[in-house]
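# Coordinate analysis (summary)
These are the residues of each chain, in order.
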Amino acid sequence: MGIIARVGVALQQLFGKVAEEAAQRSGVIVRQRKFTALSLARTFVLGFLRHPAASDEALAQMAVQCGVAVTPQAIEQRHTPKLVKFLQELFGAATKLVIGSDKALAPLLERFPSVTVLDSSTITLPDSLQEEFPGCGGSYGGGAAALKLQTELNLRNGALGHVEIEPGRNPDGATCRQDARHGVGSLRITDLGYFNLAVFADMDQEDEYFLSRLQFGTHVLLPDGTTVDLLPWLVKQAGPFVDQHVRLGKTQRLACRLLAWRLPEEQANRRRCKLRRESLSKYGKEPSAERLAWCDWTILVTNVPVEKLTPQEAVVLYRARWQVELLFKRWKSQDLVAVLRGSTAVRQMVGVWSRLIAALVQHWLVLASAWGDPTKSLSKVCEAIRDFVGRLAAALDEQGDLERVLSDICAVVAKTCRRNKRSKPGTFELLNDVSLLDFCLT
């Protein structure tokens, strides 16, 4: 089954059986009048997919296209706690419909059964939800109430393998996704928030690979057991890249590779400025001289053997981690998933859950039409998709009609949505031609 057919099946499941089951669990349909579980889901999700800032009037217009003639006042009356619960249940179920593209981004990624980037994004919620979704307070951590989306993006095929909803207060390193295993030969890429030697050791024991930045202060030993004073030792190494077998941790002594390279002065200074701001904001003091000197280097650790991954390839793969950050950026800036609109918490949460489901649907459509094509701007693809929402709504009940709409989306994207010209190669180019990395690092 091709990607268009798979996306069509997923859409029919989401706006069919999955919506009915979510309605039963939430009790959103007490007695059927005009709205059914299916038309309710389609109205709110597709309405916000077409217009992320949709008004009640815009949603009423979408309801008509979904077969339900209602007024804006009727839409307003549907904003109830049960509708919030229905949409929350629907989002949780939607995350379990995993869709991946037929195309890999690059041959480099095909060396691994999966290449998972694990990262999170926080959404501030109304303060009244702090018991269910406690935040950290203040601007850092999302205020009194917040939810965190622990998200696993498979770079190989674009699939969102898992999206875990957690309280905003939960630190990344404590997420249950630290214990998730993805099979022999799989690769997981994470930032410092997930750095944990015990987790890496468990992955190594299961013949899985990790790629991570090295956390400042981690005890580093050479294979013979000699403790390394890392920064002075790095300065003495020859070549643009350091690639050294080491052991990490005073007691763990995890065997892996340490990869390091010195940053251009301008980039290192930007890191130092950011570090100073964060340290003053969180701790009220300047970072240590050693910590500031650490900013001159990027240091990675991995258990992928050198015959499977060169230092340059590891650099490119770690840079590719930003694809999940760009995904979050599209969700927040284009799809407005973090925007709280409305005069009540109920109205605000109806918008949050509807937009999150819409963002998942949008991602499936992006995979069907543009994944693996380095000439496409995924942001432009997301905007192009909005013009087809009315046709999608009309075609959901007929697989053949639905696949024709999806094919038309692919045809439009193929002719348009070109990425703007750049002075430096992007992630897709680097993944396909690692030799471009030297230019990119200058």
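A brief report on the enclosed structure follows. (Residues numbered from 1 in each chain as written. Predicted model: local features only at pLDDT ≥ 70, side-chain atom pairs only at ≥ 80, totals over all residues. Heavy atoms only, no water.)

### Quick word on the overall build of the protein chain
Along its length, the protein chain carries 17 helices and 9 strands. Relative to a compact globule of 442 residues, whose C-alpha radius of gyration would be 22 Å, the protein chain shows 24 Å and is just as compact. Taken over 442 residues, the protein chain has a buried fraction of 53%. Summing over all exposed atoms, the protein chain offers an accessible surface of approximately 19600 Å²; the carbon and sulfur share of this is 50%. Each charge sign in the protein chain was given a centre, from 56 positive and 47 negative side chains, and these centres are 4 Å apart. (Helix = DSSP H or I, 4+ residues; strand = E, 2+ residues; numbered from the N terminus. Rg over C-alpha atoms; globule rule 2.2 N^0.38 Å. Buried < 20%, exposed > 50% of the residue type's maximum accessible area, 1.4 Å probe, protein only. Areas by Shrake-Rupley, 256 points an atom, 1.4 Å probe, with all protein chains shown as cover. Lys, Arg positive; Asp, Glu negative; His and termini not counted. Charge placed at Lys NZ, Arg CZ, Asp CG, Glu CD.)

### Some points on the pairing of strand S3 (residues 160-167)
In terms of strand pairing, strand S2 (residues 146-154) meets S3 through 7 bridges, oriented antiparallel. Bridge assignment links Glu-152 to a residue of S3, and that residue is His-162. Turn length for the S2-S3 hairpin, with the two strands adjacent in sequence and antiparallel, is 5 residues, and the turn residue Gly-158 shows positive phi of about 80°. (Pairing = 2+ DSSP bridges.)

### What about the nonpolar core?
Grouped together as the largest cluster of nonpolar side chains are 119 residues, with contacts concentrated most on Leu-11, Leu-14, Phe-86, Leu-90 and Leu-317. Per-element accounting of this core gives the leading share, 15 residues, to helix H12 (residues 345-369). Discounting residues that sit within four places of it in the chain, Phe-86 has contacts with Ala-19, Ala-22, Ala-23, Ser-26, Val-28, Ala-37, Leu-40 and Ala-41. (Core = buried A, V, L, I, M, F, W, Y, C linked by side-chain atoms within 4.5 Å. Contact = heavy atoms within 4.5 Å.)

### A word on the layout of surface pockets
Space inside the second largest pocket adds up to approximately 410 Å³. In terms of lining residues, the second largest pocket is bounded by 14 residues, among which Val-28, Arg-31, Arg-33, Gln-77 and Arg-78 are the most central. (1 Å grid on protein atoms, 1.4 Å probe; cavity = no way out; pocket = protein on both sides within 12 Å on 5 of 7 lines; lining within 4 Å. Points joined across faces, edges and corners; volume = space filled by probe spheres on them.)

### A look at unusual backbone geometry
The backbone of Leu-336 shows a phi angle near 60°, a positive value even though the residue is not glycine. Among the structural elements, Leu-336 can be located in the loop between helix H11 (322-333) and H12. Not every positive phi belongs to a glycine, and Cys-417 is a case in point at roughly 60°. By the secondary structure assignment, Cys-417 is in the loop between helix H15 (399-415) and helix H16 (427-432).

### Let's talk about the sheet that holds strand S7 (residues 242-248)
The strand order across the open sheet formed by 9 strands is S3-S2-S1-S4-S5-S9-S8-S7-S6, and the pairing between neighbours is mixed. The sheet terminates laterally at S3 and strand S6 (220-221), the two strands that pair on one side only. Bridge count between strand S1 (residues 115-124) and S2: 9 bridges; the pairing is antiparallel. Within the sheet, the bridge partner assigned to Leu-118 lies in S2 and is Glu-152. Docked against the sheet, helix H6 (residues 197-205) engages strand S4 (187-190), strand S5 (209-213), S7 and strand S8 (254-262), running at close to 155° with respect to S5. (Axes fitted to C-alpha atoms, helices over the stretch in contact; angles between N-to-C directions.)

### Focus on the side chain of Asn-303
Tracing the backbone through its elements, the reader meets Asn-303 in the loop between strand S9 (297-302) and helix H10 (311-319). Among the polar contacts made by the side chain of Asn-303, one reaches the main-chain amide nitrogen of Phe-210 at a distance of 2.8 Å. In this view, Asn-303 contacts Asp-204, Glu-208, Tyr-209, Phe-210 and Cys-256; residues no more than four positions away in its chain are not counted. (Polar contact = N/O pair within 3.5 Å; in protein donor to acceptor, adjacent residues only side chain to side chain.)

### A short note on empty space enclosed by the protein
For the coordinates displayed, the defined rule picks out 3 cavities of 30 Å³ or more. Computed from the structure, the largest cavity encloses a volume of approximately 60 Å³. Forming the walls of the largest cavity are Ala-94, Thr-95, Leu-97, Val-98, Ile-99, Leu-160, Val-163, Leu-360, His-363 and Trp-364. Those elements that provide at least two residues to the lining of the largest cavity are S3 and H12. Broken down by element, the residue count for the lining of the largest cavity peaks at 3 residues, all from H12.

### A word on the packing of helix H5 (residues 81-94) against H12
Two numbers describe how H5 lies on H12: the axes approach to 9 Å, and their chain directions differ by 25°. Our classification of the angle between H5 and H12 gives roughly parallel. In this structure, the crossing between H5 and H12 has a hand that is left-handed. In this structure, H5 contributes Pro-81, Leu-83, Val-84, Leu-87, Gln-88, Leu-90, Phe-91 and Ala-94 to the contact, and H12 contributes Val-346, Met-349, Val-350, Trp-353, Ser-354, Leu-356, Ile-357, Leu-360 and Trp-364. Residue composition of the contact of H5 with H12, by class: 15 nonpolar, 2 polar and no charged. (Parallel < 35°, antiparallel > 145°, perpendicular 65-115°, else oblique. Left-handed = near helix turned anticlockwise from the far one by under 90°. Nonpolar A, V, L, I, M, F, W, Y, C, P; charged D, E, K, R; others polar.)

### Section: the pairing of S7
Pairing of S6 with S7 involves 2 bridges; the strand directions are antiparallel. Within S7, the position partnered with Val-220 by the bridge is Leu-248. As paired strands, S7 and S8 are joined by 7 bridges and run antiparallel to one another. Across the sheet, residue Arg-247 finds its bridge partner in S8, namely Ala-255. Between the end of S7 and the start of S8, which pair antiparallel, lie 5 residues, with Gly-249 showing a positive phi angle near 95°.

The analysis is restricted to geometry; functional conclusions fall outside its scope.
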